[in-house]
Amino acid sequence: MAEKNSQENQHKKKSSVNKYIRVDFKTLQGRITIGFLLMGAFAIIMLISSNYSWNKQINKGKELIALNKNSSRLAAEIQQLVDLTTILSFRYMSTEDEFFKNDIENRWFNDIYPKVDELDSLVREFGDQDVIAFTEELNAHLPKIKSKQKEATSDLSYDKLNREEVIDDIMHLTFLINNIKKELAKSENQSIQSIEEAESNIPVMLSIEFIIAFIISTIIALYIIRSVLLRIKYLKVNIRELAHGNLPEEMNESEDELNSIIKAINELTTNLKGITRFADEVGKGDFSTDITVFENQGHLGQSLAEMRNKLQNVAEQDKRRVWFNEGIAKFGDILRKNDDNIEDLSANLISELVEYTDSIQGSLFIVNKEDEQNIKIVLKGAYAFHRQKFLEKELAPGQGLVGQCYLEKEYIYLSEIPENYVSIRSGLGEANPTHILISPMKLNEEVFGIIELASFHPYENYHTEFIEKVGESIASAIQGLQVSLETKKLLEESQMKAEQLQAQEEEMRQNAEELEATQEEMERQSREMGAFNQAVSISTMVAEFGKNGEILDINSQLELQTGWNSDDLINLDRKKLFLDEEDVDWKQTWIDITDNMSMSKSAKLINKQGQEMPIIAHCMPVSDEHGNAVKIACIFIKKEKF
């Protein structure tokens, strides 16, 4: 009995374990369990990589120690080199041998300063702020020592080199070097201590990480398994909500055994939501909804589709009536606001008419009856693809479809367009419209104009009725506008002649004033330019060079500064006087200056004794009356010595 109970307990425990953990690919549980076992393996890999990171950290600490030792060595070498320059200074003062003086300069510029820069780079890489501060102070202090050495050697004065402030500077240098070494030694000890602590803590940290990763992976695995069970429970809840008439949110599809059930529930939910939206849109008065329920199949789907079609027909009739009435009011307003210019009126009317009727091109013709024996039908407005078109076209009665419409006084509607009658051009290519509507604008059986519209869509009966109604209003406005414009034209002609005479007198007076002001300005600029050129010539060194780099001219100030006479240099190569700091191709320099209009560069002048004078050269092209560069002028400014 006891053995049987033991077996039952073991079976219960096994069932309890299998409830959450099952290692196979046939069930959701099994797949998730295997996935999280793999996650545990990933945790182990993470710990291995963590161990690698610890080793990398230790190696980095060792690199910092090596960096520290190099910095200490450089600091010691800097102090030794500074002491050596002091000894060399005494040697120079005792022997006055230029070799020692040159050796001092070489030590400073070739040894001390490069090592200081190297030390500064190393300590900044090291990152210790105290060491950086001492190094910056060392950088600032060394020029003081060099300056005092230079002063003593220049005066050959032992006293200046033995002064107390010089000794203090040397002692302060020693103080800085010792502090740098001290701080570096302290940092080195800290790095060694950190490495030792890291090495001792690695096994403990790895063990802790492993335990934490294992616990977290296990908890997550159990949580995910539970979430799958809750998903099934949620599926049952959604079905229950549908049974009570509620519409739950659409569930995400899956790739497991539940997917077919989820898809069926989502499809049912979507159809029911479609019915709800359909009812809402109908309730709002929108009968044009394109919602498809149950794919218009079945009793409910067919009934809803039939109801929507009937309601849509009723709504379409109401929409057309509103469109017709609003259009009549719109064009009546345009006619009231544009009653003084037949061209502007025509342009506004045809553009609005094309847009309002959803056409893609339109033309508006006005009948010109000034000569009853030669009646003309003139194009006054054209519009296509949302743009005004400015075209010239004139027809006679009976000529083309427009002329035929004028004679018949009835609209013409074509759904089969003759080839090359009209073509529509756009950025997408060229095509012939499929529908043409030509309607007369008549009042009391008299035609005042023709409206021509083209479209890729058919014109319905209500479009034709609307165009005829608008045409009557336009014809009435044109009749009144023609009478008004004729009267206005006579008045404007008489006023124009008087205004032309007055405008001519005013123009002549303004031209005389502008000519006088221009002459005064040219005289003033000429005086200023002459004074400026004279000031530059007196105070600045100036030279001119030809296209091949030959010297064309130098001014008196340049002769004074260099000792050359212009006769000594004319037609010689520029390098006799003007030496670039780099070996420059003069032909390329000529192109650069003439293209960019100016150039500034560092250079050297060579005086008659062969000595070099550092200068800044500002060069610009000099052009002839045709704007072609004929030479280059350079202004030389001495560099200040520090």
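Cut-offs and rules
Residues numbered from 1 in each chain as written. Predicted model: local features only at pLDDT ≥ 70, side-chain atom pairs only at ≥ 80, totals over all residues. Heavy atoms only, no water. Helix = DSSP H or I, 4+ residues; strand = E, 2+ residues; numbered from the N terminus. Buried < 20%, exposed > 50% of the residue type's maximum accessible area, 1.4 Å probe, protein only. Contact = heavy atoms within 4.5 Å. Areas by Shrake-Rupley, 256 points an atom, 1.4 Å probe, with all protein chains shown as cover. Core = buried A, V, L, I, M, F, W, Y, C linked by side-chain atoms within 4.5 Å. Phe/Tyr/Trp six-rings, centres within 6.5 Å; stacked < 30°, edge-to-face > 60°. Pairing = 2+ DSSP bridges. Axes fitted to C-alpha atoms, helices over the stretch in contact; angles between N-to-C directions. Patch = residues over 30% accessible without salt bridge, like charges linked within 9 Å, V, L, I, M, F, W, Y side chains within 5 Å. Salt bridge = Lys/Arg side-chain N within 4 Å of Asp/Glu carboxyl O. Lys, Arg positive; Asp, Glu negative; His and termini not counted. Charge placed at Lys NZ, Arg CZ, Asp CG, Glu CD.

A few words now on the overall build of the chain. Per the secondary structure count, the chain includes 14 helices and 15 strands. A total of 642 residues make up the chain; the buried ones form 33% of that total. Relative to all contacts within the chain whose residues are 6 or more apart in sequence, the contacts with residues 24 or more apart total 55%. When the accessible surface of the chain is split by element, carbon and sulfur atoms take 52% of a total near 40,700 Å².

Generally speaking, soluble globular proteins have nonpolar side chains that are buried together. Formed by 27 residues in total, the largest nonpolar core has its most connected members in Phe331, Leu349, Met441, Phe466 and Ile474. Looking at this core, the elements that each hand over two or more residues are helix 8 (298-337), helix 9 (342-356), strand 1 (361-368), strand 8 (435-443), strand 9 (446-455) and helix 11 (461-539). Sequence-distant contacts of Phe466, that is, excluding residues within four places in its chain, are made with Trp323, Phe324, Gly327, Ile328, Phe331, Leu353 and Tyr356. Within the second largest apolar cluster, 26 residues are counted, among which are Leu74, Leu142, Leu173 and Ile177.

Two measures describe an aromatic ring pair: the distance that separates the ring centres and the angle between the ring planes. Following the criterion strictly, the structure yields 11 aromatic pairs and no others. Each ring, one from Trp323 and one from Tyr356, has its centre 4.9 Å from the other, and the planes form 15°; the classification is stacked. Taken together, the residues span a long stretch of sequence, with Trp323 in helix 8 and Tyr356 in helix 9 at a distance of 33 residues. Residue classification places Tyr356 among the buried residues on the basis of a relative accessible area of 19%. One aromatic cluster is present, formed by Trp323, Phe324, Phe331, Tyr356, Tyr462 and Phe466 through successive ring pairs.

Here we come to unusual backbone geometry. With phi around 60°, Lys409 is a residue other than glycine that occupies positive phi space. In this fold, Lys409 is placed in the loop between helix 10 (400-408) and strand 5 (412-414). Its identity as a non-glycine residue notwithstanding, Glu445 has a phi of 65°, on the positive side. Locating Glu445 in the fold gives a position in the loop between strand 8 and strand 9.

It is worth spelling out helix 10 at this point. Among all positions of helix 10, only Leu401, Val402, Gly403, Cys405 and Tyr406 are buried. The elements touched by buried residues of helix 10 are strand 1, strand 2 (376-384), strand 4 (394-395), strand 5, strand 8 and strand 9.

The next point concerns the environment of Glu582. As for its position among the elements, Glu582 is in the loop between strand 12 (578-580) and helix 14 (586-596). The spatial distance from the C-alpha of Glu582 to the C-alpha of Ser602 is 9.2 Å, given a sequence separation of 20 residues.

Bridging between strand 10 (residues 541-545) and strand 15 (residues 629-638) involves 5 bridges; their strand directions are antiparallel. Its bridge partner lying in strand 15, Phe545 is registered against Ile632. In this structure, strand 14 (residues 612-623) lies alongside strand 15, joined through 9 bridges in antiparallel fashion. Counted as the bridge partner of Ile616 is Ile637 from strand 15. The loop that links strand 14 with its antiparallel partner strand 15 comprises 5 residues; one of these, Gly627, has a positive phi angle of about 85°.

Here we take up the sheet that holds strand 15. Taken in spatial order, the 6 strands make up an open sheet running 11-10-15-14-13-12, and their pairing is antiparallel. Lying at the two open borders of the sheet, with one neighbouring strand each, are strand 11 (551-554) and strand 12. With strand direction ignored, the average angle separating the axes of adjacent strands in the sheet is 35°. Along the sheet, helix 14 makes contact with strand 10, strand 13 (599-606), strand 14 and strand 15, crossing strand 15 at roughly 95°.

Moving on: a nonpolar patch on the surface. Together, Ile211, Phe214, Ile215 and Ile219 make up an exposed nonpolar region whose accessible area comes to about 410 Å². Note that Ile219 resides in helix 6 (residues 164-243). On the basis of relative accessible area, Ile219 is assigned to the exposed category, the value being 52%.

Next up on the list: a negative patch on the surface. Taken together, the side chains of Glu370, Asp371, Glu372, Glu486, Glu492 and Glu493 make up a negatively charged region of the molecular surface. Along the polypeptide, Glu370 turns up in the loop between strand 1 and strand 2.

The subject of this paragraph is the pattern of salt bridges. Considering all chains together, one arrives at 11 salt bridges under this definition. Across the pair Arg107 and Asp111 runs a salt bridge whose closest N-O atoms are separated by 3.3 Å. Of the two residues, Arg107 and Asp111 both sit in helix 3 (residues 98-126), 4 residues apart, roughly one turn of that helix. When its relative accessible area of 26% is taken as the criterion, Arg107 is described as partly exposed. Glu352 serves as the salt-bridge partner of Lys330, at 3.3 Å between the closest nitrogen and oxygen. Taken together, the residues Lys330 in helix 8 and Glu352 in helix 9 connect sequence positions 22 residues apart. Judged by its relative accessible area of 32%, Lys330 falls in the partly exposed class. We classify Glu352 as partly exposed; its relative accessible area is 29%.

Moving on: the pairing of strand 11. Two strands pair when backbone bridges link them, and strand 10 and strand 11 are joined in this way by 3 bridges, in the antiparallel orientation. Each bridged residue has a counterpart across the sheet, and for Glu544 the counterpart in strand 11 is Asp553. The turn joining strand 10 and strand 11, which pair antiparallel and follow one another in sequence, is formed by 5 residues; a positive phi near 90° is taken by Gly549.

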